[in-house]
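Read off the chains here:
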Amino acid sequence: MAQAHSPRFLALVDSLRGRVAEIPAEALAAALQADPQALLVDVREASEFAAGHVRGAVHLGKGVIERDIEQQVPDPDRPLYLYCGGGYRSLLAGEALQRMGYRRVVSVAGGWKALSGLLPVETPSGPAG
């Protein structure tokens, strides 16, 4: 059973709404198709990514994204769409990337919970959807 988010964590995330752009999960496919340079980034833990992720997403976990982003994405103007499990960690990661100078960062509202039913995914058993 998933652990409920603590009030302070929720307050922190809520404070970022409006400072980090968000897109509904339902709009992600069209946004990615409209901009071939856009990159979908899964910011969940490595074990979560390995268990299943949106096809084509790259993994840069919330714990290392600030350290590793410049090697993966040197262009601060490249559109980055971030998702996590439910849309919270992606807001936190998005805020950090903006502070690092990335100008086109978008968090996917609803995260993996919403996306896994909308877009093709990859799991340990292979592609699905």
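What comes next is a walk through the structure.

Each value, and the rule that gives it
- Residues numbered from 1 in each chain as written.
- Predicted model: local features only at pLDDT ≥ 70, side-chain atom pairs only at ≥ 80, totals over all residues.
- Heavy atoms only, no water.
- Helix = DSSP H or I, 4+ residues; strand = E, 2+ residues; numbered from the N terminus.
- Salt bridge = Lys/Arg side-chain N within 4 Å of Asp/Glu carboxyl O.
- Buried < 20%, exposed > 50% of the residue type's maximum accessible area, 1.4 Å probe, protein only.
- Axes fitted to C-alpha atoms, helices over the stretch in contact; angles between N-to-C directions.
- Parallel < 35°, antiparallel > 145°, perpendicular 65-115°, else oblique.
- Left-handed = near helix turned anticlockwise from the far one by under 90°.
- Contact = heavy atoms within 4.5 Å.
- Nonpolar A, V, L, I, M, F, W, Y, C, P; charged D, E, K, R; others polar.
- Core = buried A, V, L, I, M, F, W, Y, C linked by side-chain atoms within 4.5 Å.

A few points about the environment of Gln-72
Relative to the helices and strands, Gln-72 is located in helix 4 (residues 65-72). Separated by twelve residues in sequence, Gln-72 and Leu-60 have C-alpha atoms that sit 8.9 Å apart.

Section: the pattern of salt bridges
For the coordinates displayed, the defined rule picks out nine salt bridges. Residue Asp-42 pairs with Arg-44 through a salt bridge whose shortest N-O separation is 2.8 Å. Side by side, Asp-42 and Arg-44 carry an identical accessibility label, which is buried. Glu-48 is paired through a salt bridge with Arg-89; the nearest N and O atoms lie 3.0 Å apart.

Observations concerning the packing of helix 1 (residues 7-16) against helix 5 (residues 89-99)
In a packed pair of helices, the relevant descriptors are the angle between the two axes and the axis-to-axis distance. In the contact formed by helix 1 and helix 5, the axes pass within 9 Å of each other and the chain directions differ by 50 degrees. Compared by their axis directions, helix 1 and helix 5 come out oblique. Here the hand of the crossing between helix 1 and helix 5 comes out left-handed. Judged by residue contacts, Phe-9, Leu-12, Val-13 and Leu-16 of helix 1 engage Leu-91, Leu-92 and Glu-95 from helix 5. Partitioning the contact of helix 1 with helix 5 into residue classes produces six nonpolar, no polar and one charged.

With respect to the nonpolar core
In terms of nonpolar packing, the biggest core is built from 16 residues, with Leu-28, Leu-40, Val-54, Tyr-81, Tyr-83, Val-108 and Leu-115 touching the most fellow members. Looking at this core, the elements that each hand over two or more residues are helix 2 (28-34), strand 5 (80-83), strand 6 (105-109) and helix 6 (111-115). Once residues lying within four places of it in the same chain are set aside, the contact partners of Leu-115 are Ala-25, Leu-28, Val-54, Tyr-83 and Val-108. Of all hydrophobic cores here, the second largest spans 14 residues; its members include Ile-65, Leu-80, Leu-97 and Val-105.

The analysis is restricted to geometry; functional conclusions fall outside its scope.
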